[in-house]
Structure formats: C-alpha cells, structure tokens
Amino acid sequence: MADKYEVIIDEMEAKLRPPTVGLVPYEPKVIPLITGEDMLVREATREELILIMEGLKPLFDVQRDYYDIVAARMYTEILGMLRYRVRDEYFFVGAVDGELVGFVNGRLFSEKVGMSYHTLTLKRGVRVGAQLFAAKMEYHFDFMNQDEVWIVAESPNGFKRWMIEYELESRPECSHELGGVPTYVLTRALWEKHKDNKNVGIRPAFEDVVEANRVIHIPSKISV
C-alpha cells in the first residue's frame, strides 16, 4: 500500500526538502521495568508514525501535566517528518508486549548540536519517560557524537526530571525551536557524568522481546 504521506518528488518538491546531516540507525535495546516487564526501545517506522498520530488525538484535551500541548506538538512534529519538512528528525518508541508505553523525539540542529523535542509517557509511575529521555540523549552523544543538546521543559515534572536531575546548564540566550521557554543544555561533560546512572539497557536486544514488539499498537484505554 502506498504511503498516504508520500508525494511525487518533482523539481520543486526536491528544493523544498531540507538538507541532511545523515542520521545513523539507533540500535534497539531492552530496558527491564520495575514491574518486571521488558520494554523495547527502538526507532518507529513511517507506518507506525501514522498510527501514533491517531493515538495522540485523545490526549489533545488532557490538561494534566501538559499532555495537551505535548501531544499536539508531537503530532505536528510527526507530520513534519512524514512530509519531509524537518531536518534530521528521529522518533523512538518504548513498547511492552506490543503495546506502546511511551515515545520520544528530537532532531539534529547541526552536526554537533542536538535539539530535544518531546517525551510522552502512556504508562506512568515506572520511569518509562526517564528511560526514554536517556535513550534519546544516548542517541545524540553516543550514536551521533554530538557535543550538546538543547532542552526545554513544558511541565514542572519535566523540569525536575531533566533540568534538575541532569544538572543542565542554563542557556537563556539560546532560542529553542519550541518557543520562548528558557533553554537548558546537556553538554557532553554532563552526559558523561550522569549516563552510568541514567542510561540503562541491554544490547543486543533479546530476540523474543524484539519479536513481541514487531507489531505495536496504542493501548485500548489511555489513562494518564
């Protein structure tokens, strides 16, 4: 079946698509949760992104912990990926037995600077968001070999998890793409300081966990 977000690449469309630094593949990993379940963290496919867009819609009206603005922004960020209007954007999912429990995204601003977008959790209370955030920082520093990542928070909980726990460097003079919220930066030095405590996971990912999450779905009931 043709991708409904594909368009014919004519001369004008080719000019509209952004240049690329070139993303390297993210190697999937398994993260044991405190529930005893194994969460697989991996890249999402284009087909899965369309599914996730539909799954985000019910969260547009959830004001708790700013799910509404995060879900709405993530929806448009996915659309930007599908329409090839965002440079070097990635999107990772966390899944348990085929059920999505959270996702994160961001992009490369330049070869050495990363731009963190969002972290959204569908299974609260077991540090899914914290683990997924660490996974995307791992991608910037350990896979893409970047020097720093620009980060903003849209909720008090996010500020506590990222800015305080990672001891992020305040950089208000830097204008993050998500707006006027003050920008903080995770430097390579801070990543090296915190990654042993924050970034966990098992590679290569267990084959049975990979197979259990080959096909993923949005939970039938989302309670956040």
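Before reading on, note that the structure itself is shown above.
Here goes a summary of the coordinates provided. (Residues numbered from 1 in each chain as written. Predicted model: local features only at pLDDT ≥ 70, side-chain atom pairs only at ≥ 80, totals over all residues. Heavy atoms only, no water.)

1. What to know about the packing of helix α2 (residues 46-56) against helix α3 (residues 67-82)
Spelled out, the test is: Simply put, an axis is a line fit to the C-alpha atoms, just over the touching stretch for a helix, and the angle between two N-to-C directions goes from 0 to 180 degrees. Helix numbers and strand numbers start at the N terminus; a helix is a DSSP run of H or I with at least 4 residues, a strand a run of E with at least 2. Roughly parallel covers angles under 35 degrees, roughly antiparallel covers those over 145, roughly perpendicular covers 65 to 115, and oblique covers all other angles. For a crossing to be left-handed, the near helix must be turned anticlockwise from the far one by less than a right angle; the clockwise case is right-handed. Two residues qualify as a contact provided that any one of their heavy atoms is within 4.5 Å of a heavy atom in the partner residue. Classes in brief: Ala, Val, Leu, Ile, Met, Phe, Trp, Tyr, Cys and Pro nonpolar; Asp, Glu, Lys and Arg charged; the others, Gly included, polar.
Contact pair α2 / α3: the axes reach a minimum separation of 10 Å and the direction vectors enclose 155°. Comparing their axes, α3 and α2 come out roughly antiparallel. In this structure, α2 meets α3 at a crossing whose hand is left-handed. Contacts between α2 and α3 involve Arg46, Leu49, Ile50, Ile52, Met53 and Leu56 from the former and Ala71, Met74, Tyr75, Ile78, Leu79, Met81 and Leu82 from the latter. For the contact of α2 with α3, the residue count by class is twelve nonpolar, no polar and one charged.

2. As for the sheet that holds strand β4 (residues 99-108)
Here is the rule: When DSSP finds two or more bridges between a pair of strands, those strands are recorded as paired.
Spatially, β1-β2-β3-β4-β5-β6-β8-β7 is the arrangement adopted by the eight strands of the open sheet, whose pairing is mixed. Both edges of this open sheet fall to β1 (29-32) and β7 (169-170), since each of them pairs with a single strand only. Bridging between strand β5 (residues 113-121) and strand β6 (residues 148-151) involves three bridges; their strand directions are parallel. Bridging from a neighbouring strand, Gly114 pairs with Val149 of β6.

3. Considering the side chain of Thr187
The criterion, for reference: For every residue, the accessible area (1.4 Å probe, protein chains only) is compared with the maximum for its type, and the residue is labelled buried under 20%, exposed over 50%, or partly exposed between those bounds.
In this fold, Thr187 is placed in strand β8 (residues 184-187). Taking relative accessible area as the criterion, Thr187 reaches 16% and is therefore assigned buried. Those residues in contact with Thr187 that sit more than four places away from it in its chain are Phe141, Asp147, Glu148, Glu169 and Arg171.

4. A look at the environment of Gly179
Tracing the chain through its elements places Gly179 in the loop between β7 and β8. In this structure, the C-alpha to C-alpha distance between Gly179 and Val152, residues 27 residues apart in sequence, is 9.0 Å.

5. Thoughts on unusual backbone geometry
The step from Arg203 to Pro204 runs through a cis peptide bond, and the omega angle for that step is -5°. Position of Pro204 among the secondary structure elements: in the loop between α6 (188-198) and α7 (207-212). Phi at Tyr84 is positive, roughly 55°, even though this residue is not glycine. Residue position: Tyr84 is located in the loop between α3 and β3 (89-96). We classify Tyr84 as partly exposed; its relative accessible area is 26%. Although it is not a glycine, Glu167 adopts a positive phi angle of roughly 55°. Residue placement: Glu167 occurs in the loop between α5 (156-164) and β7. We classify Glu167 as partly exposed; its relative accessible area is 39%.

6. Considering the pattern of salt bridges
The criterion, for reference: Here a salt bridge means any side-chain nitrogen of Lys or Arg lying within 4 Å of a carboxyl oxygen belonging to Asp or Glu.
Under the defined criterion, the tally for this structure stands at 22 salt bridges. The salt bridge involving Glu13 is made with Arg85; its shortest N-O contact spans 2.9 Å. In this pair, Glu13 sits in helix α1 (residues 11-16) while Arg85 sits in the loop between α3 and β3, placing the two residues 72 residues apart along the sequence. Taking relative accessible area as the criterion, Glu13 reaches 9% and is therefore assigned buried. The residue Arg188 makes a salt bridge to Glu192 at a minimum N-O spacing of 3.5 Å. Placement of the pair is Arg188 and Glu192 together in helix α6, with a separation of four residues, close to one helical turn. We classify Arg188 as partly exposed; its relative accessible area is 25%. When salt bridges with common partners are traced through the structure, they connect Arg127, Arg161, Glu165 and Lys198 into a single cluster.

7. Some points on α3
Convention followed: Expected span of a helix: the number of residues minus one, times 1.5 Å.
For α3, with 16 residues, the first-to-last C-alpha span of 22 Å sits near the 22 Å given by 1.5 Å per residue. For α3, the complete set of buried residues consists of Tyr67, Val70, Ala71, Met74, Tyr75, Glu77, Ile78, Gly80, Met81 and Leu82. Buried residues belonging to α3 abut α2, β3, β4 and β5. Of the residues flanking the end of α3, it is Tyr84, one or two places downstream, whose phi is positive at about 55°.

8. Description of the packing of helix α4 (residues 128-143) against α6
Running from N to C, α4 and α6 cross one another at 135°; their axes reach a closest spacing of 11 Å. Considering their axes alone, α4 and α6 lie oblique with respect to each other. Like other packed secondary-structure pairs, α4 and α6 cross with a definite hand, here left-handed. Facing α4, whose interface residues are Gln131, Ala134, Met137, Glu138, Phe141 and Asp142, α6 presents Arg188, Trp191, Lys195 and Lys198. Here the contact of α4 with α6 is composed, by residue class, of four nonpolar, one polar and five charged.

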